[in-house]
Amino acid sequence: MLIALLIILAYLIGSIPSGLVVGKLAKGIDIREHGSGNLGATNAFRTLGVKAGSIVIAADILKGTLAAALPYLLHIPIHPLLAGVAAVIGHVFPVFAKFKGGKAVATSAGVLLFYAPLLFVTMVAVFFIFLYLTKFVSLSSMLTGIYTIIYCLFVKDPYLLIVVTLLTAFVIYRHRANIKRIINKTEPKIKWF
């Protein structure tokens, strides 16, 4: 019973629509009606600006971190990655935003921040390298996911490998439209400062 309640709590934490909340508070807008219409950090940066976008990405990461930490904080015997996955599902299908959320990138990273901090640090570095080389946030996110799988092949943690593989597959699936736009050369590139 406690395990089920923890999973529900982790899902609800993941369901907090950071982009929607920050958009309403910072600019008085619903970011689902602007840009890509997505609640994730990339649309928040493009729609709300750097400061508000930074708050959204930090909140989305911390949702995953908090959810993964719940088993330790509440002393409930469940693997932290399972709680983290529940938060990622909540982020993508948030009950508080009509089940239309982000693309799972930042919240997945937050889960790894708690469970495998070294992997998280290297992921951030790899993401920015890919972003510098490609100028596409979406492609950089997907390539970073593939990097995490390769990293996990060298770590003796089968649970981490399974979860990272599932999350990467989910991230790539959620970026289907971006993949089409990259192929059609209509995907927007980022502009460096």
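Basis of the calculations
Residues numbered from 1 in each chain as written. Predicted model: local features only at pLDDT ≥ 70, side-chain atom pairs only at ≥ 80, totals over all residues. Heavy atoms only, no water. Helix = DSSP H or I, 4+ residues; strand = E, 2+ residues; numbered from the N terminus. Rg over C-alpha atoms; globule rule 2.2 N^0.38 Å. Buried < 20%, exposed > 50% of the residue type's maximum accessible area, 1.4 Å probe, protein only. Contact = heavy atoms within 4.5 Å. Areas by Shrake-Rupley, 256 points an atom, 1.4 Å probe, with all protein chains shown as cover. Lys, Arg positive; Asp, Glu negative; His and termini not counted. Charge placed at Lys NZ, Arg CZ, Asp CG, Glu CD. Expected span 1.5 Å × (residues − 1). Core = buried A, V, L, I, M, F, W, Y, C linked by side-chain atoms within 4.5 Å. Salt bridge = Lys/Arg side-chain N within 4 Å of Asp/Glu carboxyl O. Phe/Tyr/Trp six-rings, centres within 6.5 Å; stacked < 30°, edge-to-face > 60°. Lys NZ or Arg CZ within 6 Å of the ring centre and 35° of its normal.

Asks: Even after reading the chapter, I still don't get the overall build of the protein, so can you show me in this structure?
Replies: Across its full length, the protein carries ten helices and zero strands. In the protein, the order of α-helices and β-strands from amino to carboxyl end is α-α-α-α-α-α-α-α-α-α. The globule rule puts the C-alpha radius of gyration for 193 residues at 16 Å, and the 16 Å found for the protein is close to it. The principal-axis extent of the C-alpha atoms belonging to the protein is close to 45 × 40 × 25 Å. Here the protein, with 193 residues, has 45% of them falling under the buried criterion. Intrachain contacts of the protein at a sequence separation of at least 6 include 61% that bridge at least 24 residues. Just so you have it, the protein exposes about 10,300 Å², and 74% of that area is on carbon and sulfur atoms. The centroid of the 18 positive side-chain charges in the protein is displaced by 6 Å from the centroid of its 5 negative side-chain charges.

Asks: How should helix α4 (residues 50–73) be read in this particular structure?
Replies: The α-helix advances 3.6 residues per turn, and as a result positions three or four apart in sequence lie on the same side. Helix length check: α4 (24 residues) gives 32 Å between terminal C-alpha atoms against 34 Å at 1.5 Å per residue, within 8%. A positive backbone phi angle near 55° is found at His75, which sits one or two residues after α4.

Asks: Mind showing me how you'd approach the nonpolar core here?
Replies: Considering soluble globular proteins, one finds that nonpolar side chains tend to be buried as a cluster. Judged by nonpolar contacts, the single largest core of 21 residues is most densely connected at Leu112, Leu119, Leu160 and Val164. Elements with a contribution of two residues or more to this core: α4, α5 (80–92), α6 (105–115), α7 (117–134), α8 (137–153) and α9 (158–174). The element contributing the most residues to this core is α9, with five residues. With residues near it in sequence (within four places) discarded, Val164 still touches Leu112, Leu119, Thr148, Ile149 and Cys152.

Asks: Which parts of the structure should I look at to understand the pattern of salt bridges?
Replies: One side chain can pair with another of opposite charge once the charged atoms of both are near each other. Scanning all chains against the criterion turns up three salt bridges. Here Asp30 makes a salt bridge to Arg32, at a shortest N to O gap of 2.8 Å. A residue is classified by how much of its surface remains accessible, and Asp30, at 10% relative accessible area, is buried. Its salt-bridge partner being Asp60, residue Lys63 comes within 3.4 Å of it at the nearest N-O pair. Taken as a pair, Lys63 and Asp60 lie in helix α4 at a separation of three residues, close to a single helical turn.

Asks: Just to check I follow, could you spell out the environment of Val21 for this structure?
Replies: Inspection of the secondary structure assignment puts Val21 in helix α2 (residues 18–27). We classify Val21 as partly exposed; its relative accessible area is 39%. Put simply, Val21 and Arg174 are 153 residues apart on the chain and 22 Å apart in space, counted from C-alpha to C-alpha.

Asks: Where do I start with the packing of aromatic side chains in this structure?
Replies: For any pair of aromatic rings, the description consists of the separation of the ring centres together with the inter-plane angle of the planes. Counted by the stated rule, this structure contains four aromatic pairs. Measuring from centroid to centroid gives 5.5 Å for Tyr72 and Phe114, while their planes differ by 50°, and the two rings are tilted. Of the two residues, Tyr72 is situated in helix α4 and Phe114 in helix α6; the sequence distance between them amounts to 42 residues. Given a relative accessible area of 52%, Tyr72 falls into the exposed group. Between Arg174 and the ring centre of Phe93, over which it is positioned, the NZ or CZ distance is 5.8 Å. The residue whose ring lies beneath Arg176 is Tyr173, and the NZ or CZ to ring-centre distance is 4.0 Å.

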